[in-house]
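Coordinate analysis (summary)
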Amino acid sequence: MQISDETLMALADNELDAQTARRVSQAVRDDPALAARLARFTRTRELLAQSIRAGQGGTQGAEDPLAAMIRAGITKPAVKPAVKPAEKPAEKPAPANLNRRPILAAAASMAIAAIGLGWWGWSNRLPDGLSVPELAALDSLPSGESRMLDAGAELTMIASFRSAAGALCREFETAQAARTRIVLACHESGGWHERFAATAQQDATGGYQPASGEGSIDDALAQIGASAPLTPEEEAAALGGNPPG
Amino acid sequence: MDAAFGEALIALLPNLRRFGLSLARRPDLADDLVQITVERAIAGQAGFDRQARLEPWLFRIMRNAWIDMTRRQRSAGTHVDVFDIPEALPVDPAPGIEARLMLQSVEAAMATLPEEQREVLHLVCVEEMTYAETARILDIPQGTVMSRLSRARLALAEKLGIK
């Protein structure tokens, strides 16, 4: 009887239904060559499980510091810091809409202040928030590449997407001194329009504190129904078909 | 957040760190991945079906976080592979030198496999996910899980000298 490698593997992994498992086990007992093939699957599983668990799982003498953070989240759900974007409720409005809701909690106004601060250092800004060098980068800079803007800022193109409506959308970051601005812009009705922007500030320890969260770029991408990132080829084709402006 | 969810999350931190290390192969990035996963899990716990197992749900969050991270880091920094710097590997004095040697050869053999094979290997053989769970975590058909896993195991057996 012909037994495939995948069937033998499924036997080793306990994934066969009882009847097939009995049938295959019987065949293995009758055929040493088959038993040797099966052993490659059982042995690799044993070795992986033993060595990797022993090497990495057994090292946790002290409790993970994250455990305390998680427990703190259990006991104090009401006083979430504003800088934890991932803990904001999913129905949170896009940052662009925050200013239409003047009576939000302190958390939200802190986020607005942070975004305002983000605008501050960027000159040459057009009404919708994108500067001329940023527009130029949106038109031509491939994802994964960086370019210097004026005043020591560095722009890195992150990725391109298609929105659910088919518009080309691009995510980029601009870093200047200790501040990083993350932006999602879509090319619609003949020009680039900012769909999301947030800034993150480097703190004293060198870590980044999202001011209004980088986490919410995910919400913004979900809102436009973003596709998976375009491949370099797809992106090049999309940029080629997008005249500047 | 309810306490049971939190404690279940805490109990799975070592599993998350292992999977993070298997994806990122750098301890600092693995730590970041664990933290992001925990934050997203807490934020998204309403979307978790309490009847389901927590591990596959968490692994899926982590894998998506990893995709985000690699997307962002395509241009940033040099990649230091954990297997090139032995001191970056977790220290485990208890089981003795032989276990460490075995760990290193298994890890080294695993490191030569393509990422898509490494992740199925880790999820099934180390984290004991079923084929169906692995397929859902990775968003691929179960047949693809099986073919990748089988190729990965045969390659690993070969490298480790299992006849």
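Given the structure is predicted, the values throughout are model-derived calculations rather than measurements.

**Overview of the overall build of chain A**
Along chain A, the regular secondary structure elements total eight helices and six strands. Put simply, chain A runs from its N terminus to its C terminus through helices and strands in the order α-α-α-α-α-α-β-β-β-β-β-β-α-α. Counting across all 245 residues of chain A, residues that qualify as buried make up 40%. In chain A, of all internal contacts separated by at least 6 residues, the share reaching a separation of at least 24 is 46%.

**Description of the overall build of chain B**
Per the secondary structure count, chain B includes eight helices and zero strands. Along chain B, helices and strands appear, N-terminal first, in the series α-α-α-α-α-α-α-α. Counting only residues that meet the buried cut, chain B has 51% of its 163 residues in that class. Look at the contacts in chain B between residues 6 or more apart in sequence, and 68% of them connect residues 24 or more apart. Accessible surface for chain B amounts to roughly 7200 Å². Of this, 54% is attributable to carbon and sulfur atoms.

**Remarks on the pairing of strand β3 (residues 168-176) of chain A**
All names here are of chain A. Here β3 lies mainly inside the structure; eight of its nine residues are buried. Bridge count between strand β2 (residues 154-162) and β3: eight bridges; the pairing is antiparallel. Note on β3: the bridge partner recorded for Phe161 is Cys169. Adjacent in sequence and paired antiparallel, β2 and β3 are bridged by five residues, among which Gly166 carries a positive phi angle near 95°.

**Some words on the packing of aromatic side chains**
All names here are of chain B. One pass over the full model with this rule turns up four aromatic pairs over all chains. For the pair Phe5 and Phe48, a centre-to-centre distance of 6.2 Å together with 55° between the ring planes defines the contact as tilted. Of this pair, Phe5 sits in helix α1 (residues 3-11) while Phe48 sits in the loop between α3 (27-43) and α4 (54-73), and the two are 43 residues apart along the sequence. In this structure, Phe5 and Phe48 share a single accessibility class: buried. For the pair Phe19 and Phe59, a centre-to-centre distance of 5.1 Å together with 65° between the ring planes defines the contact as edge-to-face. Pair noted here: Phe19 is in helix α2 (residues 13-24) and Phe59 is in helix α4, with a separation of 40 residues, a long-range link.

**Focus: the state of the cysteines**
Here a disulfide denotes a covalent bond joining the sulfur atom of one cysteine to the sulfur atom of another. All names here are of chain A. Inspection of every chain in the model, using the stated rule, returns one disulfide over all chains. Two residues share a disulfide in this structure: Cys169 and Cys186, whose sulfurs sit 2.1 Å from each other. On the sign convention where negative is left-handed, the bridge of Cys169 and Cys186, at about 110° about the S-S bond, is right-handed. Placement of Cys169 in strand β3 and of Cys186 in strand β4 (residues 179-188) is noted, with a sequence separation of 17 residues between them. Since its relative accessible area comes to 0%, Cys169 is described here as buried.

**Quick look at the pattern of salt bridges**
Side-chain pairs of opposite charge can arise where the charged atoms are in close proximity. Residue and element names in this part refer to chain A. One pass over the full model with this rule turns up 19 salt bridges over all chains. Note that Arg195 and Glu188 form a salt bridge whose closest N and O atoms lie 3.0 Å from each other. On the accessibility criterion, Arg195 (36% relative accessible area) is partly exposed. With a relative accessible area of 25%, Glu188 lands in the partly exposed category.

**What to know about helix α1 (residues 5-12) of chain A**
Here α1 of chain A has its buried residues at Leu8, Met9, Ala10 and Leu11 of chain A. Among the residues trailing α1 of chain A, Asn14 of chain A stands out with phi positive, at a value near 65°.

Rules behind the numbers
- Residues numbered from 1 in each chain as written.
- Chains lettered and ligands numbered in written order.
- Predicted model: local features only at pLDDT ≥ 70, side-chain atom pairs only at ≥ 80, totals over all residues.
- Heavy atoms only, no water.
- Helix = DSSP H or I, 4+ residues; strand = E, 2+ residues; numbered from the N terminus.
- Buried < 20%, exposed > 50% of the residue type's maximum accessible area, 1.4 Å probe, protein only.
- Contact = heavy atoms within 4.5 Å.
- Areas by Shrake-Rupley, 256 points an atom, 1.4 Å probe, with all protein chains shown as cover.
- Pairing = 2+ DSSP bridges.
- Phe/Tyr/Trp six-rings, centres within 6.5 Å; stacked < 30°, edge-to-face > 60°.
- Disulfide = S-S within 2.5 Å.
- Salt bridge = Lys/Arg side-chain N within 4 Å of Asp/Glu carboxyl O.

None of the figures reported here should be taken as evidence of function without further support.
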